[in-house]
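# A look at the structure
Below, each chain spelled out in residue letters.
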Amino acid sequence: MKHHGGMFPKVARLFSSSDVVDQHELLKRIDGGHYKVVSFDVFDTLVARFISSPEDVFYLLEKRAKDDLGLGLPIAAMRGDAIRKLRKFAADEEPTNKEVSTAEVYKYIELHYAVDRVTCEALHSLEKRIEVELSVPRPAGVSLFNAAVKSGSTVVIVSDTYYDEEHLAVVLEKCGVAGYHQLFVSSAGQRTKSAGTIFPIVFAQLAKHIPGIRPGDICHIGDNETNDVANPKSAGWNAYHLPNPIERLKHHPLYARHGLDRLSKYPAPFRMAVAAIAYKLFEDPQADLHEKSLFGGSAYKIGFMAAGVFNLGLAHWIAREIRMRKSLSPINIVQFLARDGYLPVRFFDEIAKLTNLDVQSNYLVSSRRVLYPAQIDSATDIITAALKHPIKPHQPVEAIYKTRMSWSPTAKAILAEFNDRRLSAKERHKESYLSAIAARGQDVVREAEDAKQVLRRVYGPEIDRDDVVFFDLGYHGTTQKLFSKLFHRHYDFLYVLAEPSLLQVTEERGRFSSFLSVPTGAYIRKPIITAIIEAMICASGPSAIGVSIEDGKHKFQFETQPGWGPEGVLTLNEIHEGALDFLDWMKRGFGSNLRYFTLEPALSYFFVNLLLRVGTTEDRQVFSSIVYDNSITGEVDSLASKRYWLSGQ
């Protein structure tokens, strides 16, 4: 047995399918008719379920029982207790470890918990329905199965399960598994793979139909090292280990080091999200394991894991906040402000649909630069324009005009009079420019009023209403203040992160809620939210810098270059592709059950935190082409900068 990258042999077995032969050699033997019988395990071999353990199904069963059947019982605990007790009774009575059936489980619940028979039958039926919904084909296993059927070998199914043959046949049919000769399940009294007692029974059945068959003529394929490899080999069979993707992730040194080897300690929604990630990354037995990097230096994988899980948790939080507010006052629309709402609105739309949240969403083009005229009410506001968002020392005088005063013809004319000084970064020249504009404050304030009227005409139909809530990245609540000033309303905002200074907004301009905690210590810092998180939610295109009305139509002006840099846009698009694929992957694996995947902020942030804390040089290199360019403050920096990472590398 060779060691894989220095891993211990036991761990290495989880990462390869070479316990007997490699996959290529196995396919050659199957195609060549080397085996008279090919036997397959079901779950995690032919059928994938994005769950870490049966308890995850019980969690969904409890949620569905409440919604579908109106039951407020602790179904998950009852279901788990019933199977554990019954298995113990069976083992005590018969050491051969006879499996119990779901029919026995629900009979136990009926008698032990005094749940009426009709309700137990409804729960039993619902559990089976959920199992079918969760079941999807596992490509690696199904390809081997199809090869076995095509070869003409006798193909059988051998499964340790508490479900009956009829239900397992439905699951296999849903996953496109057809053409097998016989189905053996432990719940039918045929003993178990875990105890090794089912293999002699299966062999005896096969011997009735295949004259002269020997144990060595059979090859069993499965994911469990004991049940599907060691025990059939003890019965004289050949065995092929198709590694379980979830076990591969849990035992991968890099993931295990950060707590994922103990998935049971996490809430069920997070466990299932991790299982879905495992099936995406480790389903292929030949998959590259990237032993030196959690994310393999891949923008797509960073998007799939970090941005995907983060946006899923964020979308559920937004939906929960909206539902709470709707219970207090009418809310009919959520405005996701550009560009920070780019991915959140896509995730939110799915969650809103799944949770029957009766609210519309809209991606609203806006920016601080577009709304800047709303800050100007007097000459004093002109003088303090560079203080409200402090401009970096390297920014020239011209930057003040472009980022704060481009809506003002007077400011443009004065800039022209500055000649070469407009490119000066000297503070006294910046102050002189603002003072010159303030000296003509009456004209500029009038121009600001004209610009405000344009803004009211552009945004009024969308937001001059009582039933609207906004989503934005957060910090100081500038957009919240400006919209509130424009329309003399108090607006509710939902932020990824809110600075303490937003308390003033609560008093003056409306309420807000923050998804992440106020940045303190090493857990989360403002620059990280400003750059890394923003990259995981924000559109990659250029930002709006102004708006006008021409021929009665709104016309937005945009930056000539995207703020992330030309190469950075390509990387961002890969991250976003990964995140959206994660959403599609979760919908494929869970369907409508995705409505129960509420994640606490800390768990939504889990893979982002791993990226920032233990991300390698390879992972950080992904961000080297992305430039954080804040046109308001003049801050320009590569996202590979150490200030955005917590690893200290």
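Rules and cut-offs
Residues numbered from 1 in each chain as written. Predicted model: local features only at pLDDT ≥ 70, side-chain atom pairs only at ≥ 80, totals over all residues. Heavy atoms only, no water. Helix = DSSP H or I, 4+ residues; strand = E, 2+ residues; numbered from the N terminus. Buried < 20%, exposed > 50% of the residue type's maximum accessible area, 1.4 Å probe, protein only. Contact = heavy atoms within 4.5 Å. Areas by Shrake-Rupley, 256 points an atom, 1.4 Å probe, with all protein chains shown as cover. Lys, Arg positive; Asp, Glu negative; His and termini not counted. Charge placed at Lys NZ, Arg CZ, Asp CG, Glu CD. Polar contact = N/O pair within 3.5 Å; in protein donor to acceptor, adjacent residues only side chain to side chain. Axes fitted to C-alpha atoms, helices over the stretch in contact; angles between N-to-C directions. Parallel < 35°, antiparallel > 145°, perpendicular 65-115°, else oblique. Left-handed = near helix turned anticlockwise from the far one by under 90°. Nonpolar A, V, L, I, M, F, W, Y, C, P; charged D, E, K, R; others polar. Arc of directions from axis to C-beta. Pairing = 2+ DSSP bridges. Right-handed = clockwise from strand over helix to strand, strands pointing away.

A tally of helices and strands in the protein chain yields 29 helices and 16 strands. Based on the C-alpha atoms only, the size of the protein chain along its principal axes is roughly 105 × 55 × 45 Å. Taken across its 649 residues, the protein chain has 57% of its residues classed as buried. For the protein chain, contacts bridging at least 24 residues in sequence account for 72% of all contacts bridging at least 6. Working note: accessible area of the protein chain is about 26,400 Å², and carbon and sulfur atoms make up 52% of it. Positive and negative side-chain charges of the protein chain, numbering 78 and 78 respectively, have mean locations separated by a distance of 3 Å.

Below, the discussion takes up the side chain of His429. By secondary structure assignment, the location of His429 is in helix α21 (residues 427–439). There is a polar contact of 3.4 Å between the side chain of His429 and the side chain of Arg428. Once residues within four sequence positions are removed from consideration, His429 is found in contact with Val397, Phe418, Arg421 and Ser424.

Another point: helix α5 (residues 102–112). Taken residue by residue, α5 has Thr102, Val105, Tyr106, Tyr108, Ile109 and Glu110 as its buried positions. Elements that come into contact with the buried residues of α5 comprise α3 (54–69), α4 (75–93) and α6 (117–134). Phi turns positive, to about 60 degrees, at Ala114, one or two residues after α5.

Two elements in contact, helix α20 (residues 409–417) and α21, have axes whose closest approach is 10 Å; the angle formed by their N-to-C orientations is 135 degrees. Compared by their axis directions, α20 and α21 come out oblique. Crossing hand, α20 versus α21: right-handed. Along the contact surface, α20 presents Ala411, Ile414 and Leu415, while α21 presents Tyr433, Ala436 and Ile437. Per-class residue counts for the contact of α20 with α21 are six nonpolar, no polar and no charged.

Turning to unusual backbone geometry, a few remarks are in order. Here the amide bond leading from Ala338 into Arg339 is cis, since omega sits at 5 degrees, within 30 degrees of zero. Of note, Arg339 is situated in the loop between β8 (333–337) and α15 (342–354). Despite not being glycine, Asn356 shows a phi value in the positive range, around 55 degrees. Positionally, Asn356 belongs in the loop between α15 and β9 (360–364). Residue Asn356 is classed as exposed on the basis of its relative accessible area of 67%. Not every positive phi belongs to a glycine, and His488 is a case in point at roughly 50 degrees. Tracing the backbone through its elements, the reader meets His488 in the loop between α23 (478–487) and β11 (492–498). We classify His488 as exposed; its relative accessible area is 69%.

Every buried residue of helix α2 (residues 23–31) is accounted for by Gln23, Leu26 and Ile30. Viewed along the axis of α2, the buried residues span an arc of 55 degrees, placing them on a single side of the element. Those residues of α2 that are exposed and angled more than 90 degrees off the buried face are His24 and Asp31. In this structure, the buried residues of α2 make contact with α7 (139–151), β6 (218–222) and β7 (238–241). At the C-terminal side of α2, Gly33 shows a positive phi close to 70 degrees.

Turning next to the pairing of β9. Both β8 and β9 contribute to a ladder of five bridges, which runs parallel. Bridge pairing in β9 places Val334 opposite Ser361. Handedness of the crossover joining β8 and β9 through α15: right-handed.

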